[in-house]
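So the chains spell out like this:
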Amino acid sequence: MALQSLDIVRRSATTTRSPDIREPSGGRQVAKLIDTTKCIGCKACQVACMEWNDLRDEIGTNIGQYQNPHDLSANSWTLMRFAEVESPKGDLEWLIRKDGCMHCEDPGCLKACPAPGAIVQYANGIVDFHEENCIGCGYCIAGCPFDIPRISKKDHKVYKCTLCSDRVAVGLEPACIKACPTGALVFGTKDDMKQHAAGRIEDLKSRGFEHAGLYDPAGVGGTHVMYVLHHADQPQLYSDLPADPHISPAVRLWKGVSKPLGLAIMGLTALAGFFHYIRVGPDETDASDEAAARELAKSLEKTP
Amino acid sequence: MSDLELGPERRDTVSPEHHGMIVRYTAGDRTNHWIVAMAFVLAALSGLALFHPALFGLSGLFGGGPWTRILHPFIGLVMLLAFVLLALRVGSENRMQPRDWRWLRQYRDVVNNREERLPEVGRYNAGQKLVFYAVVLCLAGLLLSGLVIWRAYFSLYFPVAVVRLAAVVHAVSALVLICTIIVHIYAAIWVKGSIEAMTRGRVTPGWAWKHHRVWFREIMTRAASSRPRSD
């Protein structure tokens, strides 16, 4: 990974800086824009993802709805989630959301990971798992605010959408984008995607979706996968898309201040012992104690 | 438990073979203690490897990151089971008594080696008893939280909020346990004769008199009443 390592800005379980002297000019940050208002739920993106990444999930069962498979897995990195929602006006809305890794600017998975270099963030914003460094502890699953990483039963490594980092690195768009027939999926620089979304949102508003908006949650520093939603005021309508995702305070405590503080407390406890020995010295038993013991023993023998 | 031991070595008796030394720990006690100790060291090293990036190198001792992740929970279970057996041996001797609270209040005399000012002590002093209870609590916390974050078998049965909380509980319990054991090990180095007690099983009468006088008196009273009088 010699070339690629120059483009890594953040690396799991690493307390020193990553090599970051390079400053790619303009538009280094990429983003995928998912326009839920244009999605027809055809699942071409799911198929393209399987195909490009050589993934085959187990054949599941039909439970009477279109969502298939039922959940993300180590072999299904993206999934159309279908929600049937009744609007206040009494209309039925079929809200379809392509789920998968959001590629957070402040990734909870990377923060939680204890294995150096198992999770990295590239300069272009993509958050990638390097499975060869993964130890299979599943901490990233606890760290993720979006419930995305899945651990494989086969090799005990975690997997998720890579945003086709291999394709993007050579100037191609992700496989799902390539396959989308309606233009619901678009890929480009994050700035361009925001601009594109703004046009879409204006159009939606003019057509009566007054709460249409962009989902680029600030709680995780923004994401490199964004949604255009008809109901941006109620993201939870879209199969429980979190309204205010952020790294859990428990994870921040566990992976933040507790690490240096914990080591310091252990070190200080050991030092306290060392200097107690140096200053006060050992507690020894001498001949006078042995004599006192004999005396006590003798006195006990005399008074049965 | 001492009546379960083989051979002449009986706990809390004067050893006939060793110049009147007192048997503090039988071979069974010592074996049990050192199994707990070894499991603790291994669990602590493998756990610290996953706790702080600076210590990830410790995972090399266990055959790398994945092996550390695989072995750590099993080592923890060995420690827990061995400690349960140890607690059955010594637990009843660790009940806090009024003299223990007085002993604790006089911690200045304790740390400055002014033992003559302290209340007389039974088989264990208040510090040792606190170590016992701290270990019991920490191991309970480590077991419960450890099962929740044991991804290979159990994590999928718990909501993510519980897993996150368990991770914090596990780290805090481990921190308290490690600090407790540092104190425990230091106390053994500080109070000369203690390491021999847990490696050879024997202490001198003077050691027992100085550090655990109530216990010493009990043993000597028993010995005096059971011995046929020579006159």
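Residues numbered from 1 in each chain as written. Chains lettered and ligands numbered in written order. Predicted model: local features only at pLDDT ≥ 70, side-chain atom pairs only at ≥ 80, totals over all residues.

> Got a sec to walk through unusual backbone geometry? Specific residues and values, please.
Residue and element names in this part refer to chain A. For the peptide bond that leads from N68 to P69, omega is 0°, which places it in the cis range. Within the secondary structure layout, P69 lies in the loop between α2 (44-53) and β3 (79-86). Unusually for a residue other than glycine, D54 sits at a positive phi of about 55°. Secondary-structure assignment places D54 in the loop between α2 and β3. (Helix = DSSP H or I, 4+ residues; strand = E, 2+ residues; numbered from the N terminus.)

> Can you break down α2(A) residue by residue, with the values?
All names here are of chain A. Every buried residue belonging to α2 is among C45, Q46, A48 and C49, and all of these are buried. Within α2, the buried residues cover an arc of 165° as seen down the axis, which keeps them to one side. Where the residues of α2 are buried, they touch β3, β4 (92-99), α6 (175-179) and β9 (185-189). Phi for D54, located one or two positions after α2, is positive at around 55°. (Buried ≥ 20, exposed ≤ 12 C-beta atoms within 10 Å, placed from the backbone. Arc of directions from axis to C-beta. Contact = placed C-beta atoms within 7 Å.)

> I'd like a rundown of the sheet that holds strand β1 (residues 8-11) of chain A, residues and numbers included.
All names here are of chain A. Spatially, β1-β5-β6 is the arrangement adopted by the three strands of the open sheet, whose pairing is antiparallel. Pairing within the sheet leaves two strands with one partner each, and these edge strands are β1 and β6 (127-129). The mean inter-strand angle of the sheet, taken between neighbouring strand axes irrespective of direction, is 30°. The pairing of strand β5 (residues 119-122) with β6 spans three bridges and is classified as antiparallel. Bridge pairing in β6 places Q121 opposite V127. (Pairing = 2+ DSSP bridges. Axes fitted to C-alpha atoms, helices over the stretch in contact; angles between N-to-C directions.)

> Report on the sheet that holds strand β10 (residues 213-215) of chain A, specifying residues and quantitative values.
All names here are of chain A. The four strands are arranged β9-β2-β11-β10 in an open sheet whose pairing can be described as mixed. Of all strands in the sheet, those bounded by a partner on one side alone are β9 and β10. Strand-to-strand twist across the sheet, computed as the mean angle between neighbouring axes with direction ignored, equals 25°. Across five bridges, strand β2 (residues 30-35) lies against β9 in antiparallel orientation. When the sheet's bridge partners are listed, V30 is paired in β9 with T189.

> An account of the packing of helix α2 (residues 65-90) of chain B against helix α5 (residues 126-148) of chain B is needed here, citing residue identities and associated values.
Residue and element names in this part refer to chain B. Relative to each other, α2 and α5 sit at 145°, their axes nearing to 11 Å. In the packing of α2 onto α5, the handedness of the crossing is left-handed. Note on element contacts: α5 touches α2 through V135, V136, L139, L142, L143 and G146, opposite P73, G76, L80, F83 and A87. (Left-handed = near helix turned anticlockwise from the far one by under 90°.)

> Quick one: what's the story with the environment of A:G199, residue by residue and with numbers?
When you line up the elements, A:G199 lands in helix α7 (residues 190-206). In the structure, A:G199 is positioned 100 residues away from A:S299 in sequence and 100 Å away in space, judged by C-alpha atoms.

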